[in-house]
Amino acid sequence: MAPSLLGVRKVSSVLGISVDNGYGHSDADVIHQSLLEANIATEVCLTVLDRMSLFTHVFKGQLLADHGHNPLMKKVFDVHLCFLRINQSEAALKSVFAALRNLVYKFPSLFFEGRADMCAAMCYEILKSCNSKLGTIRTDASTLLYFLMKNNFEYTRRRSFVRTHLQVIIAVSQLIADVIGIGGTRFQQSLAIVNNCANSDRAVKSTGFPSDVKDLTKRIRTVLMATAQMKEHENDPEMLVDLQYSLAKSYASTPELRKTWLDSMAKIHVKNGDLSEAAMCYVHVAALVAEYLRRKGIFKQGCSAFKVITPNIDEEAAMMEDVGMQDVHYNENNFKMDVTCARRFSFKVFMVLVPYFHVSQDTVLCFAGNPLQAEHEIPAQGPVGVAIATASRRLPTNFGKQRARESTAN
């Protein structure tokens, strides 16, 4: 079927073609010239991809230097990704997705070892394509995303796909701000395709991979739903904080994103005068940083040091760690600042921490030995004991209502 003149005029405008001069004045001339331009663009794309395939085959040794993190590979990768960033024909995009699958298969270390920046860029562009208006493009993008997850899983000898998991969550949070309608029906259909691929793949059916994929897509849906509802309830502080708690919980595996939403929740509590709740949010932030430092061998106890304040602190142990992520920079000073923020709003909460931590000018150090030894035991009575009981009851972000809903749902 020949394209409409209106559509041709739009294409001609993008390509810098005058529909009234230079190529003829009739509608047939305009349509013919536009088809020529479209075919040339597709041919250029296919030719470049073919040359790139040959180049990666001949110079594979050089491209693998430093696990693929070298200037030459960066240029090859950018050329491939460029075709997803600019508009292409449906035929061209099918070849682009095939070329990217080939790149992941040939150079897995590029995406799953060392720095995470290339895996992050890949996930972002794939997820953007998952929201395409064309069903075939959404299917190809979803299949490529599943292929990336599965190869990450195989690369770690079937232990996990932490890197892809984290980068997909981060990419979704970026797309919410960058792309209009990212949480619509089209994107939900793409997530369903990813789930179906995991459930129907016999090679991984006996592993925990399908359930991990299902958990990831569930987290993405929660993020999209909560973000959409936040706009509707921006004047309802209680509901707004509940939704922010849902977001923070969905980001439990991603330290930076979870910390961002916990900080945001604390600000809302301060604005509403709920200082104990604000303090508890900062306690969770401090516990998150403490858990990160424990895994780096800097802090002995991690988030468990805060259990005396709230049993829900175990949520901070759910973070996933990827050594290739360059955007997480926590140290003792971050920890000190977060504990200080908690003290600003509730001195009693800070008093609970005193038996566990010695705050010096430069660092926060854990006392040696068992934190619950006799000389550091916290009394059940008195102001500190009352503070513990109060803090445990007045959990942040309306934990009670949220837990009740979860129990009812289960």
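A brief structural summary. (Residues numbered from 1 in each chain as written. Predicted model: local features only at pLDDT ≥ 70, side-chain atom pairs only at ≥ 80, totals over all residues. Heavy atoms only, no water.)

Right, let's talk about the overall build of the protein for a bit. Counting its secondary structure elements, the protein contains 18 helices and two strands. Within the protein, the fraction of its 410 residues that count as buried is 46%. Residue pairs at least 24 apart in sequence account for 69% of intrachain contacts in the protein once pairs closer than 6 positions are excluded. Total accessible area computed for the protein in this model is approximately 20500 Å², and 56% of it derives from carbon and sulfur atoms. (Helix = DSSP H or I, 4+ residues; strand = E, 2+ residues; numbered from the N terminus. Buried < 20%, exposed > 50% of the residue type's maximum accessible area, 1.4 Å probe, protein only. Contact = heavy atoms within 4.5 Å. Areas by Shrake-Rupley, 256 points an atom, 1.4 Å probe, with all protein chains shown as cover.)

This part is about the packing of helix α11 (residues 209–232) against helix α12 (residues 237–250). Across the interface, α11 lies against α12 with an axial gap of 9 Å and an inter-helix angle of 155 degrees. What the angle tells us is that α11 and α12 run roughly antiparallel. Of the two elements, α11 crosses α12, and the hand of that crossing is left-handed. For the pair formed by α11 and α12, the contact residues are R219, T222, V223, A226, T227, Q229 and M230 on the first element and L240, L243, Q244, S246, L247, K249 and S250 on the second. Per-class residue counts for the contact of α11 with α12 are six nonpolar, six polar and two charged. (Axes fitted to C-alpha atoms, helices over the stretch in contact; angles between N-to-C directions. Parallel < 35°, antiparallel > 145°, perpendicular 65-115°, else oblique. Left-handed = near helix turned anticlockwise from the far one by under 90°. Nonpolar A, V, L, I, M, F, W, Y, C, P; charged D, E, K, R; others polar.)

Attention now moves to helix α13 (residues 255–271). The periodicity of an α-helix, 3.6 residues per turn, causes residues three or four positions apart to be oriented the same way. End to end, α13 covers 24 Å across 17 residues, agreeing with the expected 24 Å (1.5 Å per residue, within 8%). Among the residues of α13, P255, L257, R258, K259, L262, D263, M265, A266, I268 and H269 are the ones counted as buried. (Expected span 1.5 Å × (residues − 1).)

Before going further, it helps to spend a moment on helix α14 (residues 275–295). Between the first and last C-alpha of α14 there are 31 Å, a value that for 21 residues agrees with the 30 Å anticipated at 1.5 Å per step. A large share of α14 lies buried, amounting to 17 of its 21 residues. Within two residues after α14, G297 carries a phi angle of roughly 80 degrees, on the positive side.

With the rule as written, the count across this model stands at 14 salt bridges. K128 is the salt-bridge partner of E125, the closest N and O atoms lying 4.0 Å from each other. Taken together, the positions of E125 and K128, both in helix α7 (residues 117–129) and three residues apart, correspond to about one turn of that helix. With relative accessibility at 5%, the residue E125 sits in the buried group. Between R258 and E315 there is a salt bridge, with its nearest N and O atoms 3.4 Å apart. Taken together, the residues R258 in helix α13 and E315 in the loop between α14 and α15 (332–345) connect sequence positions 57 residues apart. When salt bridges that share partners are traced, they join R85, E125 and K128 into one network. (Salt bridge = Lys/Arg side-chain N within 4 Å of Asp/Glu carboxyl O.)

Looking now at the nonpolar core. If you look at the biggest cluster of nonpolar residues, it comprises 68 residues, and the most contacted ones within it are F77, F111, M122, M149, V168 and I220. Residues contacting F77, with those up to four places away along its chain left out, are L103, L110, F111, M118, A121 and M122. Counting 18 residues, the second largest nonpolar core, distinct from the first, contains L288, A290, C303 and A305. (Core = buried A, V, L, I, M, F, W, Y, C linked by side-chain atoms within 4.5 Å.)

One non-glycine residue, D66, lies in positive phi territory at about 55 degrees. Assignment of secondary structure puts D66 in the loop between α3 (60–63) and α4 (71–85).

Let us look at the packing of aromatic side chains. In the structure shown here, the tally under the stated rule is seven aromatic pairs. Taking 5.8 Å as the distance between ring centres and 50 degrees as the angle between the ring planes, the aromatic pair formed by F112 and Y155 counts as tilted. Of the two residues, F112 is situated in helix α6 (residues 108–112) and Y155 in helix α8 (residues 135–155); the sequence distance between them amounts to 43 residues. Among the residues examined, F112 registers a relative accessible area of 9% and is labelled buried. These aromatic residues form a ring-pair network of at least three members: F77, F111, F112 and Y155. (Phe/Tyr/Trp six-rings, centres within 6.5 Å; stacked < 30°, edge-to-face > 60°.)

Spatial relationships are all this shows, so hold off on functional conclusions.
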